[in-house]
Amino acid sequence: YVPPNATALLLGTFPPPKERRKPDFYYPDGRNGFWKMLVGLAGREWNGGWDYSTKESRENLLIGFHLAVADVGLRVFRHSNSSLDGNLFPIEFNDIFSILENHPNIQKILLTSSSSGNSSLSWFKLYCALNGHKIKIGEKQFDIEVNEKKISVIIIGSTSSSFPKALETNRPHYTKHLFYEEDIDT
C-alpha cells in the first residue's frame, strides 16, 4: 500500500499464513505489535476506542505517517506453516525499485528485521544484488541510488512477538524515522 503522500517505505519479509491474516492487510497477525506501535505513536489508545482492525483504518494511519508498506518477498517457501523469518525462503521478490520509481516522494526505506539470514535486510540485499545494485551495509543505515536519486535505508527493528522486548526496544527507532500529522481520519 502506497499512500499518495508517502515519503518512506517500510519493508517486511512476508505475511503469516492466510488463516492468520485478519484483516488481510500488511502485518495482519494480531500477535505482531506493528499496529500497536503505530497507534501508540499516533497518540491513540490501543484498545480504547480506536478501531485498528480494518483495512481502511490502517490505511488512514499510514497516510498520517506518510508511510508506504510492502514486503520484500512476493512468493516464498514456508517451512512448517510458520511466520518466523527463519522459516521463510524467498522464491520471488517484489519489484521494490519500481515502487521507488513510481513514487518519487519516497526518500527512505525502513527495514523491519536484520538478525537472521532470512531478514528483510538480507532479502533486500539479495534483491539489490540480483538487480545490479551493490550495497555497502552500515551498522543501522546506508544509502542506495535508484535512478540517480539517493535513498536512505534504515534498519528500525522488528515488532514481532517472537522478541519479547521488541516494542520497547524499537520504539525510539520508529519514533525517530516516522512522520506523523495531527489529523488522522479514524
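Residues numbered from 1 in each chain as written. Predicted model: local features only at pLDDT ≥ 70, side-chain atom pairs only at ≥ 80, totals over all residues. Heavy atoms only, no water.

So, the overall build of the protein
At step 1: Within the protein, the secondary structure is distributed over five helices and seven strands.
At step 2: Listed N to C, the secondary structure of the protein is β-α-α-β-β-β-α-β-α-β-β-α in terms of helices and strands.
At step 3: Taking as baseline every contact in the protein between residues at least 6 positions apart, the subset at least 24 positions apart corresponds to 67%.
At step 4: If you sum the accessible surface of the protein, you get close to 9700 Å²; carbon and sulfur atoms cover 49% of it. (Helix = DSSP H or I, 4+ residues; strand = E, 2+ residues; numbered from the N terminus. Contact = heavy atoms within 4.5 Å. Areas by Shrake-Rupley, 256 points an atom, 1.4 Å probe, with all protein chains shown as cover.)

Comments concerning the pattern of salt bridges
Side-chain pairs of opposite charge can arise where the charged atoms are in close proximity.
At step 1: Applying the stated criterion to the full structure yields three salt bridges.
At step 2: Here K55 makes a salt bridge to E59, at a shortest N to O gap of 3.8 Å. In this pair, K55 and E59 are both assigned in helix 2 (residues 55-65), four residues apart and thus about one turn of the helix distant.
At step 3: Judged by its relative accessible area of 39%, K55 falls in the partly exposed class.
At step 4: Since its relative accessible area comes to 18%, E59 is described here as buried.
At step 5: Across the pair K150 and D143 runs a salt bridge, and its minimum N-O distance is 3.7 Å. (Salt bridge = Lys/Arg side-chain N within 4 Å of Asp/Glu carboxyl O. Buried < 20%, exposed > 50% of the residue type's maximum accessible area, 1.4 Å probe, protein only.)

Describing the packing of aromatic side chains
At step 1: Following the criterion strictly, the structure yields four aromatic pairs and no others.
At step 2: Every member of this aromatic cluster is reached through a ring pair, and the members are F93, F97, F124 and Y127. (Phe/Tyr/Trp six-rings, centres within 6.5 Å; stacked < 30°, edge-to-face > 60°.)

Thoughts on the sheet that holds strand 5 (residues 108-111)
Each strand in a sheet pairs with its neighbour through backbone hydrogen bonds, running either in the same direction (parallel) or in the opposite one (antiparallel).
At step 1: Read across the sheet, five strands follow the order 2-1-5-7-6 without closing on themselves; strand pairing throughout is mixed. Two strands bound the open sheet, and with one partner strand each, they are strand 2 (67-71) and strand 6 (141-146). Adjacent strand axes in the sheet meet at a mean angle of 25°, parallel and antiparallel pairs treated alike.
At step 2: Inspection of the sheet shows strand 1 (residues 8-12) paired to strand 5 by four bridges, in the parallel sense. For L9, the partnering residue across the bridge sits in strand 5 and is I109. (Pairing = 2+ DSSP bridges. Axes fitted to C-alpha atoms, helices over the stretch in contact; angles between N-to-C directions.)

Some words on the packing of helix 1 (residues 34-41) against helix 2
At step 1: The interhelical angle for the contact between helix 1 and helix 2, taken along N-to-C directions, is 55°, at an axis separation of 11 Å. The angle between the axes of helix 1 and helix 2 places the two elements in the oblique class. For helix 1 against helix 2, the interelement crossing comes out left-handed. Contacts between helix 1 and helix 2 involve W35, L38, V39 and L41 from the first element and R58, L61, L62 and F65 from the second. (Parallel < 35°, antiparallel > 145°, perpendicular 65-115°, else oblique. Left-handed = near helix turned anticlockwise from the far one by under 90°.)

Brief notes about the environment of A70
At step 1: If you trace the backbone, A70 turns up in strand 2.
At step 2: A residue is classified by how much of its surface remains accessible, and A70, at 11% relative accessible area, is buried.
At step 3: Residues A70 and D95, 25 residues apart in the sequence, show an inter-C-alpha distance of 10.0 Å.

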